[in-house]
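Reading the structure
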Amino acid sequence: RKLSELTSLPPLPEVDTFDTAKNKWLLSKWLNKNQIPCPPTILYKAGREFEEALFKIPFPVLIKPTQNANGAGIEYFDNPLALINFCNKHISSEEFIVQSYINGYDIDCSVLCQDGKILAHTIQKGYIYGPRRFTAAVGIDLSYNDRVYDVTKELVERLNWSGIVHIDLRYDEQDKQIKVLEMNNRYFGSLLGSLSAGVNFPYLACLSGLNLNFPKFEFQPKRFVLGFIALKLLAQRFFNRNRDDLYFNNSTMGYILKDPLPWIINTCFKIYNKFIHIKQKKT
């Protein structure tokens, strides 16, 4: 509030709302309380009570850290005994949830909101994934999806959300239902994909903070590829021109070539973090 007296700020959520959204366990409890579709979820706590609860939720399941991102720390288990053995060996102080695995596919929604109202959004479905399971897609189709929009609209309205958020959802093939998995209350890795489809989230957030009207913008369905996977697809397309799955409209490569400095800095940070991780393992 003090900062807002000195400068203009983009839409921001209340602190309690922010904390609920970023914590997978708090969010799961809130979703259940507000009857928004989500997978069965329990909090890991060593002991008999947790082990008994495990046998009451559908398997297979995923165990997830409550606050990590991009699939870090997620493990898949077919049965309760294997999960219990894993927990006893590998989990100490960090907080984890156990969540029923949904047979279906991921479909996400990025939104900019003000007081629970959606100002701008894009919806994306992955079609190319990296080598690590449960990480974000590196190839996405940005398109319309009324069912995803309706679930997202209900979620942000009930949370009275303000600001940017990327919502991970999944289509449940058994229940024929869109379910909310988690919320990433920050700018997202597919930001340039949204830009290529006509939605410039940072720019619109600034306009909203300045109480300026949005320029006329129109969402355009796109197929977007992140990172250097674009070069691989271009090479494959050269030899396999009839393969539809190799086609894409845009990629991050065009943005990197125009302005390479952000990519260079980001790459340096990744190399540094890997070096620190290896060093910590050795010690």
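You'll find the structure just up there.
Residues numbered from 1 in each chain as written. Predicted model: local features only at pLDDT ≥ 70, side-chain atom pairs only at ≥ 80, totals over all residues. Heavy atoms only, no water.

Right, let's get into a negative patch on the surface. On the surface, a cluster of negative charge is contributed by Glu14, Asp16, Asp19 and Asp115. With respect to the helices and strands, the residue aspartate 19 is situated in helix H1 (residues 15-22). You can call aspartate 19 partly exposed: its relative accessible area is 30%. (Patch = residues over 30% accessible without salt bridge, like charges linked within 9 Å, V, L, I, M, F, W, Y side chains within 5 Å. Areas by Shrake-Rupley, 256 points an atom, 1.4 Å probe, with all protein chains shown as cover. Salt bridge = Lys/Arg side-chain N within 4 Å of Asp/Glu carboxyl O. Lys, Arg positive; Asp, Glu negative; His and termini not counted. Charge placed at Lys NZ, Arg CZ, Asp CG, Glu CD. Helix = DSSP H or I, 4+ residues; strand = E, 2+ residues; numbered from the N terminus. Buried < 20%, exposed > 50% of the residue type's maximum accessible area, 1.4 Å probe, protein only.)

A few words now on the environment of lysine 258. By secondary structure assignment, the location of lysine 258 is in helix H9 (residues 252-258). Take lysine 258: its relative accessible area is 74%, and that puts it in the exposed class. Placed 96 residues apart in sequence, lysine 258 and serine 162 show a C-alpha to C-alpha distance of 32 Å.

A few words now on the pattern of salt bridges. Once the charged atoms of two side chains with opposite charge are near each other, the side chains can pair. Across all of its chains, the model carries nine salt bridges by this definition. Of the charged contacts, one joins glutamate 182 and lysine 24 as a salt bridge, the two residues approaching to 3.9 Å between their closest N and O atoms. A residue pair is termed long-range when its members are at least 10 positions apart, and glutamate 182 in strand E10 (residues 177-184) and lysine 24 in helix H2 (residues 24-33) qualify at 158 residues. A salt bridge links aspartate 175 to lysine 179, with the shortest nitrogen-to-oxygen separation between them at 2.7 Å.

This part takes up H2. Listing the buried residues of H2 in full gives Lys24, Trp25, Leu27, Ser28, Trp30 and Leu31. On the buried face of H2, the contacting elements are H1, strand E1 (41-43), strand E2 (61-65), strand E4 (96-100), helix H5 (146-159) and E10. Glutamine 35 occupies a position one or two residues after H2 and carries a positive phi of about 55°. (Contact = heavy atoms within 4.5 Å.)

On to helix H4 (residues 80-90), then. Each α-helix turn comprises 3.6 residues. Residues three or four places apart therefore point the same way. Those residues of H4 lying buried are Pro80, Leu83, Ile84, Phe86 and Cys87. With its buried residues spanning 160° around the axis, H4 presents them on a single face. Exposed side of H4, more than 90 degrees from the buried face: Leu81, Asn88, Lys89 and His90 are the residues found there. Those residues of H4 that are buried lie in contact with helix H3 (48-54), E2, strand E3 (75-77) and E4. Of the residues flanking the start of H4, the one acting as N-cap is asparagine 79, its side-chain oxygen 3.2 Å from the backbone nitrogen of leucine 81. (Arc of directions from axis to C-beta. Polar contact = N/O pair within 3.5 Å; in protein donor to acceptor, adjacent residues only side chain to side chain.)

With that settled, consider the environment of tyrosine 203. Summarising the element assignment, tyrosine 203 is placed in helix H7 (residues 201-209). As for tyrosine 203 and phenylalanine 214, which are separated by 11 residues in sequence, their C-alpha atoms are 9.3 Å apart.

To continue, consider the sheet that holds E2. Pairing between the strands of a sheet comes from backbone hydrogen bonds, and it takes one of two forms, parallel or antiparallel. The four strands are arranged E1-E4-E2-E3 in an open sheet whose pairing can be described as antiparallel. Bordering the open sheet on either side are E1 and E3, each of which pairs with just one other strand. Sheet twist, expressed as the average angle between the axes of neighbouring strands with direction ignored, equals 25°. Pairing between E1 and E4: three bridges, direction antiparallel. Considered in E4, the bridge of isoleucine 42 is made with valine 98. Sitting on the sheet, H2 is in contact with E1, E2 and E4, with an inclination near 135° to E1. (Pairing = 2+ DSSP bridges. Axes fitted to C-alpha atoms, helices over the stretch in contact; angles between N-to-C directions.)

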